[in-house]
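Structure assessment
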Amino acid sequence: MVDITEKEMDNPTFQCDTVLSDVHLHCPNKRHFMVRLNGVGQPVFLSHFKLLWNTEVSASEKHVREATTEKEHQYRSGDELRDKDGNNPKKERELNSEGVEALLDDDGDLEVVRRPRSASDLEAEDLLRDRVYPVILMKGKEDAFEDEEQECTCGDIVKIEHTMATPLEDVGKQVWRAAFLLADYILFKRDTFRCCSVLELGGGTGMTSIIMGTVAKRVYCTDVGEDLLSMCEQNVALNKHLTEPGRGEIKVKELDWLKDEFCTDPEAPYSWSEEEIADLHDQCTVIMAADVFYDDDLTDALFRTLYKITHNLRHSCTVYLALEKRLNFTLRHMDVTCEAYSHFRENLNDLENLQDRKMKYTVEPIKLDFCQFLVYERIEQL
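If you're wondering where the values come from, they're calculated on a predicted model, not measured in any experiment.

**Things to note about the overall build of the protein chain**
Within the protein chain, the regular secondary structure consists of eleven helices and 15 strands. The 382 residues of the protein chain split such that 41% are buried. A total of about 22600 Å² of accessible surface is found on the protein chain, and carbon and sulfur atoms cover 49% of it.

Structure (structure tokens):
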């Protein structure tokens, strides 16, 4: 007889040493070049993400994509199959006893749709599918995206160095959907954030802070770990072309949620000066965090940090939290659950119901019907 404790039953059925963000897989016709190995030997990739400033263009692209998808469906279902003379023979469809649709030719034989062989057919196939190149080694850092840069203006491109698969403790080095979602909202509500002083918790690669830097006066992009913060600082430098002169100052700083105080050791990289801490407390009116709610202990620590920081702010503050609900199957429930999300909601409810004479927190959901400015898959779990 095996004795399984309740805590053991909470463990996921499947365990994995590495975690992979699939954001880059939904960037059609883009290449992701490996530029270097980071301090712990992980491959670092440089990706370009195009900003769709013109929503009309975005809608047009969506229409073309829908039309192409419909054409592809027809092609694969046999509606556009042609014989060697270019004619479209009459097709006869009938359902077999299992309800599976069979495609028969004029003689009653089953006709199988085969992949095109000729060069012209291959070109036609290219029009029907997006090609993604997730791993291509580059020849040199300077000319990594030479062809792409000739086709678009600098103001349309966000350049991000990131990894693609990491251990759980290094997931901040990857790019996640919720960061794109929050970036979309910032671009949609530019006037709301114009000239603000902003703090990002768990900034990771810096994607959201960089977008915020296009409109805000100052952004403190924070996370923990010298290797991650170095990557983030590199990304800030890569995207100086997006910020207007005299605005969009982005400062990369260490902020460990498991510690009670800011790191002020002048010998430590990415530490805070007393002036910077005072500036944060005096000027900050916006705090944001994207996809940082995946571990219960870290979620608890983040909400404690959030309370301590907002308690010391001079002005009222709006906090924007974006996340993706992730499903896990647990033996305890024998069902698919969103326990990390449920724990996040519990902390959020506790914060809203907090009895504090100085502070009052109000929680409001934001509808996700705002425009999409970045190419990614906006799934319903966001």
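**Details of the packing of aromatic side chains**
This structure, assessed with the given rule, holds 13 aromatic pairs. Ring centres of Tyr-185 and Phe-193 lie 6.3 Å apart, and the angle between their planes is 75 degrees; on these two criteria the pair is classed as edge-to-face. Like Phe-193, Tyr-185 is buried. Taken together, a centroid distance of 5.7 Å and an interplanar angle of 45 degrees make the contact between Tyr-185 and Tyr-320 tilted. Of this pair, Tyr-185 sits in helix α5 (residues 177–188) while Tyr-320 sits in strand β13 (residues 318–322), and the two are 135 residues apart along the sequence. Accessibility expressed as a relative area gives 13% for Tyr-185, which makes it buried. Clustering of aromatic rings is evident, with ring pairs tying together Tyr-185, Phe-188, Phe-193, Tyr-320 and Phe-370. Note that Lys-325 overlies the ring of Tyr-341, its terminal NZ or CZ placed 4.9 Å from the centroid.

**A look at the pattern of salt bridges**
In the structure shown here, the tally under the stated rule is 15 salt bridges. Here Asp-191 ties to Arg-194 by a salt bridge, and the two come within 3.3 Å at their closest N and O atoms. Residue Arg-194 is classed as partly exposed on the basis of its relative accessible area of 32%. Between Glu-324 and Arg-326 there is a salt bridge; the shortest N-O distance is 3.6 Å. Residue class for Glu-324 comes out buried when judged on its relative accessible area of 12%.

**A short note on the pairing of strand β3 (residues 43–50)**
For β3, the buried fraction is high: six of the eight residues fall into the buried class. As defined by bridge partners, β3 adjoins strand β7 (residues 157–162) across six bridges and the pair is classed as antiparallel. Bridge pairing in β7 links His-48 to Lys-159.

**A look at the nonpolar core**
Judged by nonpolar contacts, the single largest core of 44 residues is most densely connected at Val-158, Phe-180, Ile-186, Phe-193, Val-198, Met-212 and Leu-374. Those elements that place two or more of their residues in this core are β7, α5, α7 (207–212), β10 (218–223), α8 (226–238), β11 (249–254), β12 (284–290) and β13. Of all hydrophobic cores here, the second largest spans 26 residues; its members include Cys-284, Ala-289, Leu-306 and Ile-309.

**Looking at the confidence of the model for the protein chain**
Predicted confidence across the protein chain gives a mean pLDDT of 77, with 65% of residues reaching 70 or more. Here residues 55–84 is modelled with pLDDT under 50, and outside its nearest four sequence neighbours on either side it reaches 38 contacts, counting other chains as well. When the criterion is pLDDT under 50, residues 147–152 qualifies, and its contacts beyond four places in sequence or with other chains add up to five contacts.

**Some details on the sheet that holds β10**
Pairing is parallel across the open sheet formed by five strands, whose spatial order is β11-β10-β9-β12-β13. Bordering the open sheet on either side are β11 and β13, each of which pairs with just one other strand. Along the sheet, successive strands turn relative to each other by an average axial angle of 20 degrees, direction set aside. Relative to β10, strand β9 (residues 197–200) runs parallel, the two being bridged by four bridges. Paired with Glu-200 across the strands is Cys-221, a residue of β10.

**Quick word on a negative patch on the surface**
Residues Asp-296, Asp-297, Glu-339, Glu-346 and Asp-350 make up a contiguous surface patch of negative charge. Looking at the negative patch, the elements with two or more residues in it are α10 (296–311) and α11 (339–352). Of all the elements, α11 adds the most residues to the negative patch, at three residues. When you line up the elements, Glu-346 lands in helix α11.

**Some remarks on α11**
Because each turn of an α-helix spans 3.6 residues, side chains separated by three or four positions in sequence point in the same direction. A rise of 1.5 Å per residue sets the reference length of α11, with its 14 residues, at 20 Å; its end C-alpha atoms lie 20 Å apart and thus fit the reference within 8%. Along α11, the residues that are buried comprise His-343, Phe-344, Asn-347, Leu-348 and Leu-351. Viewed along the axis of α11, the buried residues span an arc of 140 degrees, placing them on a single side of the element. For α11, the elements touching its buried residues are α10 and β13.

Rules of the game
Residues numbered from 1 in each chain as written. Predicted model: local features only at pLDDT ≥ 70, side-chain atom pairs only at ≥ 80, totals over all residues. Heavy atoms only, no water. Helix = DSSP H or I, 4+ residues; strand = E, 2+ residues; numbered from the N terminus. Buried < 20%, exposed > 50% of the residue type's maximum accessible area, 1.4 Å probe, protein only. Areas by Shrake-Rupley, 256 points an atom, 1.4 Å probe, with all protein chains shown as cover. Phe/Tyr/Trp six-rings, centres within 6.5 Å; stacked < 30°, edge-to-face > 60°. Lys NZ or Arg CZ within 6 Å of the ring centre and 35° of its normal. Salt bridge = Lys/Arg side-chain N within 4 Å of Asp/Glu carboxyl O. Pairing = 2+ DSSP bridges. Core = buried A, V, L, I, M, F, W, Y, C linked by side-chain atoms within 4.5 Å. pLDDT = per-residue confidence, 0-100. Contact = heavy atoms within 4.5 Å. Axes fitted to C-alpha atoms, helices over the stretch in contact; angles between N-to-C directions. Patch = residues over 30% accessible without salt bridge, like charges linked within 9 Å, V, L, I, M, F, W, Y side chains within 5 Å. Lys, Arg positive; Asp, Glu negative; His and termini not counted. Charge placed at Lys NZ, Arg CZ, Asp CG, Glu CD. Expected span 1.5 Å × (residues − 1). Arc of directions from axis to C-beta.

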